[in-house]
Amino acid sequence: MSIDTAKGILGDATVAELEAGLRGTVVRPDDPGYDQARAVWNAAHDKHPALVVRCAGTADVIRAVEFARSQDLLVAVRGGAHSIAGFSTCDDGIVIDLSAMKGAVVDPVRRRVVAQAGLTWGELDHETQAFGLAVAGGLISTTGIAGFTLGGGVGWLIRRHGLASDNVTAVEVVTADGRVVRADPHEHAELFWALRGGGGNFGIVTSFEYRLHPVGPQVLAGLIVYPPGTGPAGDHGVA
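The paragraphs below set out a description of the structure included in this document.

About the thresholds
- Each chain carries its own residue numbering, running from 1 in the written order of its sequence.
- At least 70 in pLDDT is required for a residue's local features to be given in this predicted model, at least 80 for side-chain atom pairs to be given and counted, and no such filter applies to totals for whole chains, interfaces and linings, which use all residues.
- Side-chain numbers here rest on the full set of heavy atoms in the structure, without hydrogens or water.
- A run of H or I in DSSP becomes a helix once it reaches four residues, and a run of E becomes a strand once it reaches two; helices and strands are each numbered from the N terminus.
- Residue contacts are counted whenever heavy atoms from the two residues lie within 4.5 Å of one another.
- Between N or O atoms, a polar contact is any pair within 3.5 Å; within protein, one atom must be a potential hydrogen donor and the other a potential acceptor, and residues adjacent in sequence are included only when both atoms are from side chains.
- Salt bridges are counted wherever a side-chain nitrogen of Lys or Arg sits within 4 Å of a carboxyl oxygen of Asp or Glu.
- Think of it in three bands: residues with accessible area under 20% of the maximum for their type are buried, residues over 50% are exposed, and the middle band is partly exposed, with areas taken using a 1.4 Å probe on protein chains only.

### Digging into the environment of Gln129
Reasoning step 1: By secondary structure assignment, the location of Gln129 is in the loop between α4 (121-128) and β9 (133-134).
Reasoning step 2: Sequence-wise, Gln129 and Gly216 are 87 residues apart; in three dimensions their C-alpha atoms are separated by 7.4 Å.
Reasoning step 3: If we skip the residues at most four places from it in the chain, Gln129 touches Ala134, Val215, Gly216 and Pro217.
Reasoning step 4: Engagement of the side chain of Gln129 in a polar contact is seen with the backbone oxygen of Val215, the distance being 2.6 Å.

This is the structure in structure tokens:
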């Protein structure tokens, strides 16, 4: 069976050639796991991509981008799949799924972590908290680090350590022509500037290097209530 798309037909042989060049897998519309593979957190976006490519590493992302270009397919990128606007899915195109890319390397001396784009904040916190460190990350542990960071990133530590994007020191990016570049303040500096809060359409970030901060393992949090007229909130008594 061939896969009908808005722009033509992807033959079985064409898709098989793509899959043969991957460490990851390709999910087609007639595969048993297709509905699960295409689902995103916001169920209002019920899209049906022509293919979902579950990437095992950066090389798979390059291959998927090259394939999308050769077939003139719309591309959506999925990390944690929490995009409220539905950017992590599409109709009739290709979803490049990074959710299996969950590597994290912590350097406690330099206070840096290199984190792949498929991690959620809970998974990244698990790795960094082993050293008593944390990224200025998200509010929800199941949110993916990639989309959150690329959109700016308002989290629990914002008042002390800034946005998630403020704490990015470098990124690895696959560009639209299939090249891999490192962007930091000195190399591809304009791309680095754009990625830290600019959102999408600059490339596919496959890993982030973040600045880490000493946090935990126990954190005091909660509502603080003062007697009326005595606290920093004045007569209301709630801080």
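### Some points on the pattern of salt bridges
Reasoning step 1: On inspection of all chains with the given rule, the structure shows 8 salt bridges.
Reasoning step 2: Salt-bridge contacts for Lys102 lead to Glu123; the nearest nitrogen and oxygen are separated by 2.9 Å. With Lys102 in the loop between β6 (94-97) and β7 (104-107) and Glu123 in helix α4, this residue pair connects regions lying 21 residues apart in the sequence.
Reasoning step 3: On the accessibility criterion, Glu123 (30% relative accessible area) is partly exposed.
Reasoning step 4: Of the charged contacts, one joins Asp177 and Arg179 as a salt bridge, the two residues approaching to 3.0 Å between their closest N and O atoms.

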